[in-house]
Amino acid sequence: MVIDLDRCTGCEACVVACHSENNIGMSTPEEAARGRVNHWIRIDRYYEGQFPDIKVKYRPVLCQHCDEAPCEPVCPVNATYHNPEGLNVQVYNRCVGTFYCANNCPYTVRSFNWFDPKWPEPMQLQHNPDVSIRPGGVMEKCTFCIQRIKRVEDQADAAGRPVADGEVQPACVQSCPAEAMIFGDLNDPDSKVSRLAGDGRATKLMEELGTKPKVVYLEKAR
Amino acid sequence: MKHLFLLLLSVALVVPCLRADQPILFPHSTHINKVHLKCIDCHISADTRDAATIPGVRKCMLCHAKIAADKPEIKKLAAIAASGREIPWQRVYGFEKAAAVKFRHGPHARHKVACATCHGDMPNAITAQPLVKHNMGTCISCHRQNNASDDCATCHY
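The structure contained in this document is the topic of the report that follows.

Rules and cut-offs
- Residues numbered from 1 in each chain as written.
- Chains lettered and ligands numbered in written order.
- Predicted model: local features only at pLDDT ≥ 70, side-chain atom pairs only at ≥ 80, totals over all residues.
- Heavy atoms only, no water.
- Helix = DSSP H or I, 4+ residues; strand = E, 2+ residues; numbered from the N terminus.
- Rg over C-alpha atoms; globule rule 2.2 N^0.38 Å.
- Buried < 20%, exposed > 50% of the residue type's maximum accessible area, 1.4 Å probe, protein only.
- Contact = heavy atoms within 4.5 Å.
- Pairing = 2+ DSSP bridges.
- Core = buried A, V, L, I, M, F, W, Y, C linked by side-chain atoms within 4.5 Å.
- Buried area = accessible area lost by both parts, 1.4 Å probe.
- Salt bridge = Lys/Arg side-chain N within 4 Å of Asp/Glu carboxyl O.
- Polar contact = N/O pair within 3.5 Å; in protein donor to acceptor, adjacent residues only side chain to side chain.
- Nonpolar A, V, L, I, M, F, W, Y, C, P; charged D, E, K, R; others polar.
- Phe/Tyr/Trp six-rings, centres within 6.5 Å; stacked < 30°, edge-to-face > 60°.
- Lys NZ or Arg CZ within 6 Å of the ring centre and 35° of its normal.
- Patch = residues over 30% accessible without salt bridge, like charges linked within 9 Å, V, L, I, M, F, W, Y side chains within 5 Å.
- Areas by Shrake-Rupley, 256 points an atom, 1.4 Å probe, with all protein chains shown as cover.

**Description of the overall build of chain A**
Helix and strand counts for chain A come out as 6 helices and 10 strands. Taking 17 Å as the expected radius of gyration for a compact globule of 222 residues, we find that chain A reaches 18 Å, a close match to that expectation. The proportion of buried residues among the 222 residues of chain A is 45%. Looking at chain A alone, contacts between residues at least 24 apart form 61% of all its contacts between residues at least 6 apart.

**Quick look at the pairing of strand S3 (residues 55-62) of chain A**
Residues and elements named next belong to chain A. Bridge count for strand S2 (residues 41-48) against S3 is 8 bridges, and the pairing is antiparallel. Bridge pairing links arginine 42 to valine 61 in S3. Hairpin connection between S2 and S3: a loop of 6 residues separates the two successive antiparallel strands, and glycine 49 in this loop has a positive phi of roughly 85°.

**Description of the nonpolar core**
Counting residues in hydrophobic clusters, the biggest one holds 52 residues, and the most contacted among them are Met1, Ile3, Ile41, Leu62, Phe144 and Met181 of chain A. At the level of secondary structure, the elements contributing two or more residues to this core comprise helix H1 (13-21), S2, S3, helix H3 (100-104), helix H4 (146-159) and helix H5 (171-175) of chain A. Beyond its immediate stretch of four places on either side in the chain, methionine 181 of chain A contacts Met1, Val2, Ile3, Cys14, Ile41, Pro60, Cys172, Val173 and Cys176 of chain A. Ranked by size, the runner-up nonpolar core spans 7 residues in total, among them Val57, Met61, Leu77 and Ile80 of chain B.

**A look at the sheet that holds strand S9 (residues 202-203) of chain A**
Residues and elements named next belong to chain A. The 4 strands are arranged S8-S1-S10-S9 in an open sheet whose pairing can be described as mixed. Either end of the sheet is taken by a strand with one partner, and the two such strands are strand S8 (181-182) and S9. Pairing of strand S1 (residues 2-4) with S8, which is carried by 2 bridges, proceeds in the antiparallel orientation. Opposite isoleucine 3, over in S8, you have methionine 181 as the bridge partner.

**Structural notes on the interface of chain B and chain A**
In this assembly, 15 residues from chain B lie in contact with 19 residues from chain A. For the pair chain B and chain A, the summed buried area comes to about 1600 Å², and 52% of that belongs to carbon and sulfur atoms. Scanning the region where chain B abuts chain A turns up 4 salt bridges. Across the salt bridge formed by aspartate 157 of chain A and arginine 110 of chain B, the nearest N and O atoms sit 3.1 Å from each other. On the surface where chain B and chain A come into contact, there are 12 residue pairs in polar contact (both at pLDDT 80 or more). Taken together, the residues that form the side of chain B that touches chain A break down as 7 nonpolar, 3 polar and 5 charged.

**Quick look at the pattern of salt bridges**
Residue and element names in this part refer to chain A. Counted under the stated rule, the structure contains 21 salt bridges over all chains. The salt bridge partner of aspartate 4 is arginine 201, with a shortest N-O separation of 3.1 Å. You can see aspartate 4 sitting in strand S1 and its partner arginine 201 sitting in the loop between helix H6 (192-197) and S9, a full 197 residues away along the chain. Its relative accessible area of 23% is what places arginine 201 among the partly exposed residues. Of the charged contacts in the structure, one is a salt bridge between aspartate 44 and arginine 42, with a shortest N-O distance of 2.8 Å.

**Notes on the environment of valine 215 of chain A**
All names here are of chain A. By the element assignment, valine 215 lies in the loop between S9 and strand S10 (216-218). Taking the relative accessible area as the measure of exposure, valine 215 reaches 0% and is therefore buried. The residues contacting valine 215, other than those within four sequence positions of it, are Met1, Ile3, Leu62, Cys63, Gln64, Phe144, Thr203 and Lys204.

**So, the packing of aromatic side chains**
Residues and elements named next belong to chain A. By the definition in use, this model includes 5 aromatic pairs over all chains. Relative to tryptophan 114, the ring of phenylalanine 99 has its centre 5.7 Å away and its plane inclined at 40°; by these criteria the two rings are tilted. Taken together, the positions of phenylalanine 99 in the loop between strand S5 (88-90) and H3 and tryptophan 114 in the loop between strand S6 (111-112) and strand S7 (139-140) put the pair 15 residues apart, joining distant regions of the chain. We classify tryptophan 114 as partly exposed; its relative accessible area is 40%. Taken together, the aromatic side chains of Phe99, Phe112 and Trp114 make up a single cluster linked through ring pairs. The ring of tyrosine 217 has arginine 59 sitting right over it, with the charged end atom 4.6 Å from the ring centre.

**Side note on a nonpolar patch on the surface**
Residues and elements named next belong to chain A. On the surface, a nonpolar cluster with roughly 440 Å² of combined accessible area is contributed by Tyr47, Phe51, Ile54 and Val56. Take isoleucine 54: it is sitting in the loop between S2 and S3. Given a relative accessible area of 38%, isoleucine 54 falls into the partly exposed group.

Okay, structure coming up:
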């Protein structure tokens, strides 16, 4: 995935879309104050300068699907691992909730269900049937909307053609009004993401840790 | 003694087929063997979509408004149709919520997995009933035999 920070307006449409697509539970203000929020994607804000002469920069942070993911080797039950497609996936029914992965994630993008998830009425009626609802005690994280990836692969397989570039759109990408997020196959050198990842503006978040993140941020050097 | 054994055996074989915990004693056998319906004539999206789907009562009434309308089970059906409700079928197959499994019929049908592989001998069954036990072992062994993916995230997400 490529995220163009020069386009991002920090509107948080991606956060809402992600919650809605992936049946992510809603925490209360009290729980949030204790750090028990559930988000698979969040918008980090950075302020430059002093009020009123202030500049705000936004950075959507989601699971970076690191090639050398720090969360994976610490899981005692192999609930998180790299699948053959290169996704860092979480197997909910294997997870026993040790929290090691979240503690080891430098991006703090994993969220834990401290309790069974709850939704304010009537939002419990709009669950996505393609995604399971994770019970309490289970860690969860961004899957790059694996249900949508599967659906597109399935349609392509039925039609007997390869998956086209840009055909898979995770909920955040689809909802972004500024078109700041682009999803595609980094292994395909002709894909749009590969092209943008080679852009002069390309950076990766905390790359110096050696995690080899697979989310590329485009940002003009200032 | 031998007769008693045979009696018990026949009871054991017959009773599961007469399980009437479905609201209507829908005979799959009659519809498949006598009317020559195919599975996908009623479970219309079993070959293309995720869910096989159960037909609505209006579909039943397409035929049964006229055919066999005097039989007691069809009268039950007609009463439900007249009430404007759907038949409260009992779910037969399914996964525990905690298993976080997503099964999609479409890809299985496309790769020529016969309905009977997972659903058993429905042509000779009466009401819908779990003829084949579904667990992860059955899924995985079939996947491995047919070189399908055995990656966890293929089904668990």
